[in-house]
Number of protein chains: 2
Amino acid sequence: MQFHHHGYVSENPRVLPSPGQTVDSASVPETADVLIIGAGPAGMITAAQLAMFPDIRTVLVERRPHRLILGHADGIAARSVETFQAFGFAPQIIQEAYQITETAFWKADPNKPENIVRAKVTADDPTGISEFPHLIVNQARVLDYFAEFAQRAPARLEPHYGWETTSLEIAEGDYPVVATVKNAEGVERVIRAKYALGADGAHSLVRKAIGAQHLGGISNHAWGVADVLATTDFPDIRTKCIIHSSKGSILHIPREGGYLFRTYVDLGEVPEGDDGQVRKTPLEEILRKCNAIMAPYSIDVKNVAWWSVYEVGHRVTDRFDDVPTAEVGTRTPRVFIAGDACHTHSAKAGQGMNVSMQDGFNLAWKLAQVLRSQSPESLLETYTAERQAIAQDLIDFDREWSYRMADAGSTRGSAESIEDFYVSTWEFPAGFGTHYKPSVLTGAGTHQDLATGFPVGRRFKSYGVVRRSDAVPKHLGHLAEADGRWRLYAFADKAPAGDAGSKLAQWGQWLGSEAGPLKRYTAAGADVNSLFDVKVIYQQGVHDFEITDVPEVFKPANGPFALNNWENVFAVDTADDIFEGRGVSRDGVVVVVRPDQYVAHVLPLDATEELSKFFEGIFLPQN
Amino acid sequence: MQFHHHGYVSENPRVLPSPGQTVDSASVPETADVLIIGAGPAGMITAAQLAMFPDIRTVLVERRPHRLILGHADGIAARSVETFQAFGFAPQIIQEAYQITETAFWKADPNKPENIVRAKVTADDPTGISEFPHLIVNQARVLDYFAEFAQRAPARLEPHYGWETTSLEIAEGDYPVVATVKNAEGVERVIRAKYALGADGAHSLVRKAIGAQHLGGISNHAWGVADVLATTDFPDIRTKCIIHSSKGSILHIPREGGYLFRTYVDLGEVPEGDDGQVRKTPLEEILRKCNAIMAPYSIDVKNVAWWSVYEVGHRVTDRFDDVPTAEVGTRTPRVFIAGDACHTHSAKAGQGMNVSMQDGFNLAWKLAQVLRSQSPESLLETYTAERQAIAQDLIDFDREWSYRMADAGSTRGSAESIEDFYVSTWEFPAGFGTHYKPSVLTGAGTHQDLATGFPVGRRFKSYGVVRRSDAVPKHLGHLAEADGRWRLYAFADKAPAGDAGSKLAQWGQWLGSEAGPLKRYTAAGADVNSLFDVKVIYQQGVHDFEITDVPEVFKPANGPFALNNWENVFAVDTADDIFEGRGVSRDGVVVVVRPDQYVAHVLPLDATEELSKFFEGIFLPQN
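Residues numbered from 1 in each chain as written. Chains lettered and ligands numbered in written order. Predicted model: local features only at pLDDT ≥ 70, side-chain atom pairs only at ≥ 80, totals over all residues. Heavy atoms only, no water.

### Section: the overall build of chain A
As a reminder, the rule being used: Numbered from the N terminus, helices here are DSSP runs of H or I no shorter than four residues, and strands are runs of E no shorter than two. The globule rule used here is 2.2 Å times the number of residues to the 0.38 power, and the radius of gyration it is set against is calculated over C-alpha atoms. Exposure classes here rest on a 1.4 Å probe applied to the protein chains alone. A residue is buried below 20% of its type maximum, exposed above 50%, and partly exposed in between. By definition, residues are in contact when any of their heavy atoms lie within 4.5 Å. Note that His is not counted, nor are the chain ends; the positive residues are Lys and Arg, and the negative ones are Asp and Glu. A charge is said to be at NZ when it belongs to Lys, at CZ for Arg, at CG for Asp and at CD for Glu.
The helix and strand inventory of chain A stands at 14 helices and 27 strands. Radius of gyration (C-alpha) of chain A: 26 Å, near the 25 Å computed for a compact globule of 623 residues. By principal-axis analysis of the C-alpha atoms, chain A measures approximately 75 × 60 × 50 Å. Among the 623 residues that make up chain A, the fraction classed as buried is 62%. Restricting the contact set of chain A to residue pairs at least 6 apart, pairs at least 24 apart contribute 73%. Across chain A, 59 positive and 80 negative side-chain charges occur, with their mean positions spaced 2 Å apart.

Shown next, in the form of structure tokens:
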């Protein structure tokens, strides 16, 4: 965490300096650069990210008259915790969340089929795919943390609660998106925006307004779900369980705080023509069925925080913006949809909130770069291109998962089969299945062999290093903040730090030159590292070179006093070398990472022309 | 973190339920159970701890009209971070602090004595005395976190800023302490209190009011100190340094935020009869001297956040309460002093804030137990008995440290000698030198061999275990919250969890019996674990026993729904067994730990009579 370089900071350094351009949260403004409709996970992360830019006017309207009180989503994949780290609240949310370390599989006792027995317990992250935990925490708290981030960010952004969006159209002019909003008193206001995001849920008005098709349907299987406080003799009440008994199935999820748990109870096949009758199943019936499935154990429910009955739906929208496929390339998108507005599915794989947040994280920095004239408008076409494929993967995964959960009697639904599926597909539900294809934003992977542990198109997987300036061990990826900056990780060749002829020194010289990306793409007057956050990792240990020998370009002058930033120079942890751990070439390599933490390119240090060309496709020259 | 067991919690679970008994912070009340004078580290931690008890009326008055803006203390020993963990803000403060991992020793270059050279770099915690880091962070932020804790605690306590205490007397009656306070408008108010704490600094009015003597004096050595932003070619600018050049000495401390650092510059011997003239040394002279000492390197100062000149003083007060030594035992104390009010010394060993907080942490739970009729008033005599010895140790350490720092020319002040002293005495400045002597609160250590890693009288040193209910690895000591509860760590004998004849099961039976401490000392109507937090650690691994086999007394019913608390049962980490790591007997043992985290007793499981007797000296029967 860096501060004091603009002068002494006495109060909470997480409250960032602001030019005071705050939004009055009691009324709604008439114009916005970005109008976000819906303060759920997708809308909130987008608002939080955009709030880092006080020169962008972001307006977030939400129908609810207040913060979310009881959210229904609660599963937080490790990829989301990694994202929270960038927003500065990973330690805090881990502190209050339930942490999933294991899944217990229970099945009918072969000797006494009316009872369940524990079949197996498997580790939740058997392959160590992330150093972050898998959490369960109320969606309302996730939104609270994003709201706090947005409020402390330079734009001092706060949601406008209590405004329902009643219409949205795309017209002409500088502010072509025209939305009408209405509050509880019936007051109507028109907001004109350059861009709009519909993060307005499964029944999205924005989706309909842009003519996108929500494809798929509802399956014929129903589930009851309840968040309960209970006493019990079931030994795994604080463990995630998948229970397949002779009387049906339960997905059991312990919740944060040590006592509460959520039970998903299989209500069986829904007859043809049921027409939603199953949704009238009373709570008592769900709890009775729950107890029947869990025999010989019982749960004695003392308090119910929330409950519901739902039928499983699997739907994905054909496009995520207002440009029909046939018109792509003829005009650039103005309106986007994200989260449940473009993909709905069962809650049980714990994916909804996670994928929705990644939608918003993907879109927000792109909007910022276009609005700040750093990138052409065509950059926004990559949103649908990247996220629509992920949504389809999600729906496919969820359909398979749901079928297996509901089909306990078959081979596919056996405890063993579910467990195999769970372990073999683990990467996807943890949030690490995303692999963007080569595009303007994603290199071809021609030089992938130079850094095998940083696959192009996938999220940058962190590794331990040691900061040279203070010898503090750091996880390299955890230093990436949600500040909209691109990361250039320069892994040095073997030469000593002071060797002016080294490949790294040569690369550094190019980097800081007139032709280099720092001068070419960074706005005049801004700190030289305000668009590209350059970090250098030497092959030597922390005491094997002096930071004063490191080229100046890696210690950029920051703030009004032009103080050198010494926190971008790293040594290897000699006991656990990142070059070994991530398969990084000893000849050095540059790993380019996008603001949303995906590896955009891997290039040798001397491939400066190739890197220049790659950036030309993304950025607009500033000078 | 536990919640939801009183019903669903939607908002930040760190804001604890409150009966609404809040204090109006704009005026001051006429009576208080505890009046705290001074909102520095000692006063704030005391207030934060007492705020956990809504039935105790705590009033904190502070002369300053607002929160502290720029504190001069900044060193946070690992013991303090351990304490912050109990107050729930260790992860947050680590996030924003500078972390000291090394100290670099610089000396005059033997070949070119006008220049300095790096002599050696030593690890800051070479022996691994704590799993917590050694931090540097502005005192104001420490106070902010305590204030936030107090405000979120059940008493919803907030400091009364802008009230200076002008007199304090001890009279008769239920509220014998009579203090007069005055605000900036000259409005005077009288506050009558049962107890008072003078945490009012080196010039303490309370100290004078109780007739305590501040013994010691000012040495004849002066230092200039400045918090600066600068550019430099000194390679260790982000490392803690002890610099002994031919032109004098510097203690160099990097600060939080990546850029700021503090330099303590030796201004040399102060002539006899100087009469404070040295304190008029201008900033320019300090910075000139700093540059002279650091040659051949230079610092180019761009901004100064704060600076001062001081002479080193070493003073300790003869007693820490209002009862003169000759009268101890004839009456119990009503007024206490803590922090700088009873020990002043140089800032350079980074001890002041740390020892002051431990003063308050020591006193607060004792006040709570007496005010809540859980303990006799004589418990309060242990405050002076315990803390006065620590203060003397501190002054002795600081005097030696200051002499060595200032005496660079001698053998004692050589870089090698300083380094040896530093490494050999490391335990003390890290905050772990405290070793309370046998007393009513501290057992004799007769059974110390049963748990060699938990020395009686010293702070409970944490170790890794695995929670049985959810298989989450936990640091046992980090679960201890600043809730005023005593911890009973029951280490089981080898028998399986379900063995009713095991020593642990027998101990559990006694624990929950009519004669046991839970029923005897816990207030009627309160949760059975509201005074004693009992945690059991089995010798088996997490999958080697069922939590349902663990005796009920270890899964206490909590809250209005009488839900079993399953989070007090632990397994060993089979890869790093606490029984091995802390030398715990395989026959089982009970480790008793006070609310301020000091080991009070170590006893075999069958020594229930000895434990009963020990508790009789501390607690009053409730039923």
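### Brief notes about the sheet that holds strand β27 (residues 599-603) of chain B
Residue and element names in this part refer to chain B. Filter applied, for reference: Here a strand pair is declared whenever DSSP counts at least two bridges between the two strands. Helix axes are fitted to C-alpha atoms over the stretch in contact, other axes to C-alpha atoms as well, and angles between N-to-C directions run from 0 to 180 degrees.
Across the sheet, seven strands lie side by side as β20-β19-β25-β22-β21-β26-β27; this open sheet has mixed pairing. Each edge of the open sheet carries a strand with a single partner, namely β20 (473-475) and β27. In this sheet, adjacent strand axes meet at a mean angle of 30° when their direction is disregarded.

### Some remarks on the interface of chain A and chain B
Note the following rule: The quantity reported as buried area is the accessible area (1.4 Å probe) lost by two parts once they are put together, taken as the sum for both. Throughout this description, the term salt bridge denotes a Lys or Arg side-chain nitrogen within 4 Å of a carboxyl oxygen of Asp or Glu. By the criterion applied in these results, polar contacts are pairs of N or O atoms within 3.5 Å in which, for protein atoms, one can donate a hydrogen and the other can accept it, and in which residues neighboring in sequence qualify only through two side-chain atoms.
Contacts between the two partners involve 69 residues from chain A, matched on the other side by 69 residues from chain B. Summed over both partners, the interface of chain A with chain B comes to about 5500 Å²; 54% of that surface belongs to carbon and sulfur atoms. Among the residues of chain A in contact with chain B, Tyr8(A), Gln95(A) and Tyr259(A) are the three that bury the most area, contributing 15% of the side total. Viewed at the interface, chain B and chain A are joined by four salt bridges. Here Arg118(B) ties to Glu546(A) by a salt bridge, and the two come within 2.6 Å at their closest N and O atoms. Joining chain A to chain B, the criterion identifies 38 residue pairs in polar contact (both at pLDDT 80 or more).

### What about the packing of aromatic side chains?
Centre distance and the angle of the planes are the two values used to describe a pair of aromatic rings. Stated precisely, the cut-off is as follows: Only rings of Phe, Tyr and Trp enter the pairing, Trp through its six-membered ring, and a pair is recorded when the two centres are within 6.5 Å. The plane angle decides the type: under 30 degrees is stacked, over 60 is edge-to-face, the rest tilted. A ring has a charge above it when a Lys NZ or an Arg CZ is no more than 6 Å from the ring centre and no more than 35 degrees off the ring normal.
All told, the structure shown has 58 aromatic pairs over all chains when counted by the stated rule. Aromatic pair Phe454(B) and Phe460(B): ring centres 4.6 Å apart, planes at 0°, arrangement stacked. The class for Phe454(B) is buried, based on a relative accessible area of 0%. The buried category is assigned to Phe460(B), whose relative accessible area is 6%. Against the face of Phe545(A) rests Arg468(A), its NZ or CZ located 5.8 Å from the ring centre.

### Some details on the pairing of strand β6 (residues 112-123) of chain A
Residues in a regular strand project their side chains so that they alternate between the two faces of the sheet. All names here are of chain A. With eight bridges connecting them, strand β5 (residues 102-109) and β6 associate as antiparallel partners. Opposite Glu102, over in β6, you have Ala123 as the bridge partner. Joining the antiparallel neighbours β5 and β6 is a turn of two residues.

### What to know about the relation of the copies chain A and chain B
In plain terms, the rule: Only residues with pLDDT of at least 70 in both copies count here: their C-alpha atoms drive the least-squares fit that superposes the copies.
With an RMSD of 0.0 Å, chain A superimposes on chain B once it is rotated by 180° and translated 0.0 Å along the axis. Put plainly, the chains are arranged around a two-fold axis. In terms of proximity to the rotation axis, the leading residue of chain A is Pro91(A), whose C-alpha is 3.1 Å off the axis. Both copies present the same face, since 100% of the interface residues in chain A are matched by interface residues at the equivalent positions in chain B.

### A look at helix α1 (residues 41-50) of chain B
Of all 10 residues making up α1(B), 10 are buried, and the element is well covered by its neighbours. When we look at burial in α1(B), the residues that qualify are Pro41(B), Ala42(B), Gly43(B), Met44(B), Ile45(B), Thr46(B), Ala47(B), Ala48(B), Gln49(B) and Leu50(B).

### Some remarks on helix α11 (residues 503-512) of chain B
Taken as a whole, α11(B) has its buried residues at Leu504(B), Ala505(B), Trp507(B), Gly508(B), Trp510(B) and Leu511(B). Against β21 (486-491), α12 (517-521), β22 (532-537), β26 (589-593) and α14 (608-616) of chain B lie the buried residues of α11(B).

### Quick notes on the nonpolar core
The nonpolar side chains of a soluble globular protein tend to be buried, and buried together. We count it as follows: What makes a nonpolar core is a set of buried Ala, Val, Leu, Ile, Met, Phe, Trp, Tyr and Cys residues whose side-chain atoms join them at distances within 4.5 Å.
Among the nonpolar cores identified, the biggest contains 174 residues, and Phe146(A), Trp486(A), Trp507(A) and Phe532(A) are the most heavily contacted of them. Counting residues per element, this core draws most heavily on helix α7 (residues 352-371) of chain A, at 11 residues. In this view, Trp507(A) contacts Leu488(A), Ala490(A), Val534(A), Phe554(A), Val590(A), Leu605(A), Thr608(A) and Leu611(A); residues no more than four positions away in its chain are not counted. If you look at the next biggest cluster of nonpolar residues, it comprises 173 residues, including Val59(B), Phe132(B), Leu441(B) and Val466(B).

### Details of the side chain of Asp144(A)
By the secondary structure assignment, Asp144(A) is in helix α4 (residues 139-152). Residue classification places Asp144(A) among the buried positions, given a relative accessible area of 18%.

### A closer look at the pairing of strand β10 (residues 177-183) of chain B
Residues and elements named next belong to chain B. Among the seven residues that make up β10, six are buried, leaving the element largely enclosed by the rest of the structure. Taken together, the seven bridges between strand β9 (residues 163-170) and β10 define a ladder with antiparallel strand orientation. What sits directly across from Leu168, in β10, is Ala179. Between β9 and β10, which follow one another and run antiparallel, lie six residues, and Gly173 among them has a positive phi close to 95°.

### As for the environment of Leu380(A)
All names here are of chain A. Here Leu380 shows up in the loop between α7 and α8 (381-406). The class of Leu380 is buried, set by a relative accessible area of 0%. In the structure, Leu380 is positioned 48 residues away from Thr332 in sequence and 7.0 Å away in space, judged by C-alpha atoms. Excluding anything up to four places from it in sequence, Leu380 contacts Tyr195, Pro333, Phe336, Lys366, Leu367 and Val370.

### Examining the environment of Ser346(A)
All names here are of chain A. Tracing the backbone through its elements, the reader meets Ser346 in the loop between β18 (343-344) and α7. Between the C-alpha atoms of Ser346 and Thr239, which are 107 residues apart in sequence, the distance is 21 Å. If we ignore the near neighbours within four places in the chain, the residues touching Ser346 are Val312, Gly313, Asp398 and Ser402.

### Regarding unusual backbone geometry
Residue and element names in this part refer to chain A. Between Ala295 and Pro296 the backbone carries a cis peptide bond, its omega angle lying at 10°. With respect to the helices, strands and loops of the structure, Pro296 is situated in the loop between α6 (283-294) and β16 (299-317). In this structure, Ala562 takes a positive phi of about 50° despite not being glycine. Inspection of the secondary structure assignment puts Ala562 in the loop between β23 (557-558) and β24 (563-564). By relative accessible area, which is 38% here, Ala562 ends up partly exposed. Positive phi values are uncommon outside glycine, yet Gln597 reaches one of about 80°. One can find Gln597 in the loop between β26 (589-593) and β27 (599-603). For Gln597, a relative accessible area of 8% gives the class buried.

### Remarks on the environment of Ile418(B)
Relative to the elements of secondary structure, Ile418(B) occurs in helix α9 (residues 415-424). Each C-alpha atom of the pair Ile418(B) and Arg404(B) lies 6.4 Å from the other, and the pair is 14 residues apart in sequence.

### Points about the sheet that holds strand β7 (residues 134-136) of chain A
Residue and element names in this part refer to chain A. Reading across the sheet, the three strands line up as β3-β7-β4 and stay open at both edges, with antiparallel pairing between neighbours. Among the strands making up the open sheet, the edge pair consists of β3 (75-76) and β4 (98-100). One ladder, built from three bridges, connects β4 with β7; its direction is antiparallel. Bridge pairing in β7 links Gln99 to Leu135.

### Examining the confidence of the model for chain A
Stated formally: pLDDT is defined as a per-residue confidence score from the predictor, taking values between 0 and 100.
Of the residues in chain A, 97% reach a pLDDT of 70 or more, and the chain-wide mean stands at 93. Across the assembled chains, the prediction reports ipTM 0.94 with pTM 0.95.

### Concerning the pattern of salt bridges
Side chains bearing opposite charge may pair, as long as their charged atoms lie close to each other. The tally for this structure, following the rule as stated, stands at 81 salt bridges over all chains. Between Asp74(A) and Arg255(A) there is a salt bridge, with its nearest N and O atoms 3.4 Å apart. Of this pair, Asp74(A) sits in the loop between β2 (58-62) and β3 while Arg255(A) sits in the loop between β14 (248-254) and β15 (261-269); the two residues are 181 residues apart in sequence, bridging distant segments of the chain. Residue Asp74(A) shares its accessibility class with Arg255(A), and that shared class is buried. The shortest N-O distance in the salt bridge between Glu580(B) and Arg586(B) comes to 2.8 Å. On the basis of relative accessible area, Glu580(B) is assigned to the exposed category, the value being 58%. Judged by relative accessible area, Arg586(B) falls into the partly exposed class, the value being 25%.

### Some remarks on the packing of helix α1 (residues 41-50) of chain A against α7(A)
All names here are of chain A. The criterion, for reference: Here roughly perpendicular refers to angles of 65 to 115 degrees, roughly parallel to angles under 35, roughly antiparallel to angles over 145, and oblique to all remaining angles. Whether a crossing is left-handed or right-handed is set by the direction in which the near helix is turned from the far one by less than a right angle, anticlockwise for left-handed and clockwise for right-handed. Each residue is assigned to one of three groups, with Ala, Val, Leu, Ile, Met, Phe, Trp, Tyr, Cys and Pro labelled nonpolar, Asp, Glu, Lys and Arg labelled charged, and all others, Gly among them, labelled polar.
Where α1 meets α7, the axes come as close as 7 Å, and the angle between the chain directions of the two elements is 30°. If you check the angle between α1 and α7, you find them roughly parallel. The interaxial crossing formed by α1 with α7 has right-handed handedness. In contact with Pro41, Ala42, Ile45, Thr46, Gln49 and Leu50 of α1, α7 contributes Met353, Ser356, Met357, Gly360, Phe361, Ala364, Trp365, Leu367 and Ala368. Residue composition of the contact of α1 with α7, by class: 11 nonpolar, four polar and no charged.

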